[in-house]
Number of protein chains: 2
Amino acid sequence: MSNPIYRLDPRLAADTHPVARWDLSDVLLMNDARFPWLILVPRVADATELFHLSSDQQSRVMAEMSGAGRAMQSLWSADKVNTAMLGNKVSQLHVHVIARFRKDDAWPGPVWGVGQPRPYTEAALGDCLNRLRSGLPRL
Amino acid sequence: MSNPIYRLDPRLAADTHPVARWDLSDVLLMNDARFPWLILVPRVADATELFHLSSDQQSRVMAEMSGAGRAMQSLWSADKVNTAMLGNKVSQLHVHVIARFRKDDAWPGPVWGVGQPRPYTEAALGDCLNRLRSGLPRL
């Protein structure tokens, strides 16, 4: 599924920590401790819209979105999972999968553009990555 | 795929106009003339998360999201399509598919919670529904 000229957008790389490499997508953790927030980036060069993916790639990204969402809800006992492909600022196709809570800083609105990101401390990042690496499915 | 006890959430019904009935989802137009904005609602009772759908239902909703997105980009010559499942306010599973423009009222932010909806005039609504009904795929 990989394309040899795929490159992760440098803004996505700067804002995240790598978590896992799935069959189609790289799994990244957004560096914002306010929200448990994954980004899935299909390794498909030049894709900016869901409909740029082949049918097989669409099936894989659906399985990855669904698996990530189920795990995020379970791992954090989330009230809701938000799943979104926006791309207005970073056009490279990427999927946000965010655990949301009735008491979080943006509820019930969306998280994008709300306040300032709060980077993880080193200890909190380690805990979060451990939780994700043991709790996420292997897709 | 339908479930006999599926009922469209009354808030979604109040905010939209019906456009089409696809294999899994009802296709609705958000009554906000600022943004060409479809809502797909899978006719699956009690589903609030993507991962509540069966694998076959997930495949269908992916085809519907992708087909809707391609058509919205093409029909409106959109700069970007935003595709999202949030559900913080209306928990019934529904997919936003929104044509976005670099000059629209919310760019580059998301549309939710920005300003006040601007309802379609009767004439503009008729034009929009005609365009959608001739330009959307039959899925």
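Before reading on, note that the structure itself is shown above.
Source: prediction; values computed, not measured.

**Q** Where do I start with the pattern of salt bridges in this structure?
**A** Note that side chains of opposite charge can pair when their charged atoms are close. Going through the model one piece at a time under the given rule, you end up with 16 salt bridges over all chains. With a shortest N-O distance of 1.7 Å, D23 of chain A and R60 of chain A are connected by a salt bridge. With D23 of chain A in the loop between β1 (16–21) and β2 (25–30) and R60 of chain A in helix α2 (residues 55–76), this residue pair connects regions lying 37 residues apart in the sequence. Across the pair K80 of chain B and E49 of chain A runs a salt bridge whose closest N-O atoms are separated by 3.1 Å. Of this pair, K80 of chain B sits in strand β4 (residues 80–85) while E49 of chain A sits in the loop between β3 (37–42) and α2, which puts the two residues in different chains. Residue classification places K80 of chain B among the buried positions, given a relative accessible area of 6%. Ionic contacts of the salt-bridge type, sharing partners, join the residues D23, D56 and R60 of chain A into one network.

**Q** When you look at the packing of α2 of chain A against helix α3 (residues 122–135) of chain A in this model, what are you seeing that I'm missing?
**A** In a pair of packed helices, the angle between the axes and the distance between the axes together describe the arrangement. All names here are of chain A. Close contact between α2 and α3 brings their axes to 10 Å; oriented N to C, the two are set at 125 degrees. Relative to α3, α2 is oriented oblique. Our pair here, α2 against α3, has a crossing hand that is right-handed. On the side of α2, the interface is formed by A71, M72, L75 and W76, while α3 contributes C128, R131, L132 and G135. Residues that form the contact of α2 with α3 fall into these classes: 6 nonpolar, 1 polar and 1 charged.

**Q** In this structure, what is going on with the relation of the copies chain B and chain A? I would like to understand it.
**A** Related by rotation about an axis and a shift along that axis, the two copies of the chain form a pair. Turning chain B through 180 degrees and shifting it by 0.0 Å along the axis lays it on chain A, with an RMSD of 0.0 Å. Seen this way, the second copy is the image of the first under a two-fold rotation axis. Considering only C-alpha atoms, the residue of chain B closest to the rotation axis is A84 of chain B, which sits at 2.0 Å. A symmetric contact is evident, with 100% of the interface residues of chain B recurring at the interface of chain A.

**Q** What am I meant to see in α2 of chain A here?
**A** Note: α-helices contain 3.6 residues per turn, so residues at a spacing of three or four share the same orientation. The terminal C-alpha atoms of α2 of chain A lie 32 Å apart, and with 22 residues this matches the ideal 32 Å at 1.5 Å per residue to within 8%. Just beyond α2 of chain A, the residue with positive phi is S77 of chain A, at close to 45 degrees.

**Q** What should I look at first to understand the pairing of strand β5 (residues 95–100) of chain B in this one?
**A** Each regular strand displays side chains that alternate between the two surfaces of the sheet. Residue and element names in this part refer to chain B. Most of β5 sits inside the fold, with 6 of its 6 residues counted as buried. Neither face of β5 is open: one carries V95, V97 and A99, the other H96, I98 and R100, and all of them are buried. One ladder, built from 4 bridges, connects strand β3 (residues 37–42) with β5; its direction is antiparallel. Its bridge partner lying in β5, I39 is registered against H96. Examined bridge by bridge, β4 and β5 share 5 bridges and lie antiparallel to one another. What sits directly across from A84, in β5, is H96.

**Q** Just checking my understanding: could you explain unusual backbone geometry for this structure?
**A** Among all residues save glycine, negative phi is the norm, and among peptide bonds the norm is trans. Following W107 of chain A, the chain continues into P108 of chain A via a peptide bond in cis, with omega recorded as 0 degrees. Here P108 of chain A shows up in the loop between β5 (95–100) and α3. Its identity as a non-glycine residue notwithstanding, D46 of chain B has a phi of 70 degrees, on the positive side. Using a relative accessible area of 70% as the deciding quantity, one classes D46 of chain B as exposed.

About the thresholds
- All residue numbers refer to positions counted from 1 along the written sequence of the respective chain.
- Chain letters and ligand numbers both follow the written order, the letters beginning at A and the numbers at 1.
- For this predicted model, a pLDDT threshold of at least 70 governs which residues receive local features, and a threshold of 80 or more governs which side-chain atom pairs are given and counted, while totals over whole chains, interfaces and linings are taken from all residues.
- As a rule here, side-chain values come from all non-hydrogen atoms in the structure, and water together with hydrogens is ignored.
- For this document, the term salt bridge refers to a Lys or Arg side-chain nitrogen within 4 Å of an Asp or Glu carboxyl oxygen.
- By definition, any uninterrupted DSSP run of H or I lasting at least four residues is a helix, any uninterrupted run of E lasting at least two residues is a strand, and each is numbered from the N terminus.
- Think of it in three bands: with a 1.4 Å probe and only protein chains considered, a residue is buried below 20% of the maximum accessible area for its type, exposed above 50%, and partly exposed in between.
- What counts as an axis is a line fitted to C-alpha atoms, over the stretch in contact for a helix, and the angles between N-to-C directions run from 0 to 180 degrees.
- Roughly parallel means an angle under 35 degrees; roughly antiparallel, over 145; roughly perpendicular, 65 to 115; everything else is oblique.
- Each crossing gets its handedness from the near helix: less than a right angle anticlockwise from the far helix is left-handed, clockwise is right-handed.
- Any pair of residues with heavy atoms lying within 4.5 Å of one another is described as a contacting pair.
- In the scheme used here, Gly and all other residues not listed as nonpolar or charged are polar, with Ala, Val, Leu, Ile, Met, Phe, Trp, Tyr, Cys and Pro taken as nonpolar and Asp, Glu, Lys and Arg as charged.
- For this overlay, a least-squares fit was computed on C-alpha atoms, restricted to residues scoring pLDDT of at least 70 in both copies.
- In a helix, the anticipated span is given by 1.5 Å times the number of residues less one.
- Between any two strands, pairing holds if DSSP finds at least two bridges.

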